[in-house]
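# Fold and geometry: a report
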Amino acid sequence: MSIRPYRPEDCEALARLFYDAVHTVNAKDYTKAQLDVWATGNVDLEAWDRSLTAHFTLVAEENGVITGFGDMDSSGYLDRLYVHRDFQGMGVGTALCQALEQEAARAVRQTKPDASVCITTHASITARPFFEARGYRVQREQQVERKGVLLTNYIMEKRV
């Protein structure tokens, strides 16, 4: 597996991976209605590209196949972390998350060498155990509304 920076030509493949991962991996924890509003299949690729380009975004590949991606903004908010449904449990998410956490720590310590770094994320029910195993702590549960449908997730944080 290799991890590399995001390129704009990845955007469409990442949008497909996102949709497929949400609708398969998260199907055990969310209803079809919830999955449909979470990942509609109608991604604004220009907006996604702007967001992914503005963030520190990494892409995991195996033999030329994109197996996952993750991105973090400059405040330490881990926005997206998705692994292809066929590559679950193979260390892709762990490698991406570790690289994102390291970059957040590096960026902060460039200007404040002794500062601690707080990384936050909004984790799905499905992702919560993954993040807890990495040392993230639930700050609170929340209900997010999308098109009148409520989805449960968890605001989590980790100090690195």
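The structure contained in this document is the topic of the report that follows. Here, residues in each chain are numbered from 1, in the same order as that chain's written sequence. Predicted model: local features are reported for residues with pLDDT of at least 70 only, side-chain atom pairs are reported and counted for 80 or more only, and whole-chain, interface and lining totals are derived from all residues. To obtain the side-chain values, all non-hydrogen atoms of the structure were included, while hydrogens and water were left out.

### Quick look at the pattern of salt bridges
Note on pairing: side chains with opposite charge can pair once their charged atoms come close. For this analysis, a salt bridge means a side-chain nitrogen from Lys or Arg found within 4 Å of a carboxyl oxygen belonging to Asp or Glu. If you walk through the whole model with that rule in mind, you get 12 salt bridges. Across the pair R4 and E61 runs a salt bridge whose closest N-O atoms are separated by 3.3 Å. With a gap of 57 residues between them, R4 in strand 1 (residues 2-5) and E61 in strand 2 (residues 56-62) connect regions that are remote in the sequence. Relative accessibility under 20% of the residue-type maximum defines a buried residue, over 50% an exposed one, and the middle range a partly exposed one, all with a 1.4 Å probe and only protein chains included. A relative accessible area of 17% places E61 in the buried class. Beyond isolated ion pairs, a larger network of salt bridges with shared partners links R4, D10 and E61. Helix and strand assignments come from DSSP, with helices taken as H or I runs of at least 4 residues and strands as E runs of at least 2, each series counted from the N terminus.

### Some details on the packing of aromatic side chains
Classification of ring pairs uses Phe, Tyr and Trp, with its six-membered ring standing for Trp, and accepts pairs whose centres are within 6.5 Å; under 30 degrees between planes counts as stacked, over 60 as edge-to-face, and the remaining range as tilted. Under the counting rule described, the total for this entry stands at 7 aromatic pairs. Look at W48 and F69: their rings are 6.1 Å apart centre to centre, the planes differ by 55°, and that puts the pair in the tilted class. Within this pair, whereas W48 is found in helix 3 (residues 45-54), its partner F69 is found in strand 3 (residues 65-72), the two being separated by 21 residues in sequence. Using a relative accessible area of 0% as the deciding quantity, one classes F69 as buried. Seen in terms of ring centroids, F131 and Y136 are 5.0 Å apart; in terms of plane orientation they differ by 75°. Their pairing is edge-to-face. Taken together, the ring pairs in this structure connect F18, W48, F69 and Y82 into an aromatic cluster. Only when the NZ atom of a Lys or the CZ atom of an Arg is both within 6 Å of the ring centre and within 35 degrees of the ring normal do we say a charge sits over the ring. A cation over a ring is seen here: R80 above W48, with NZ or CZ 4.9 Å from the ring centre.

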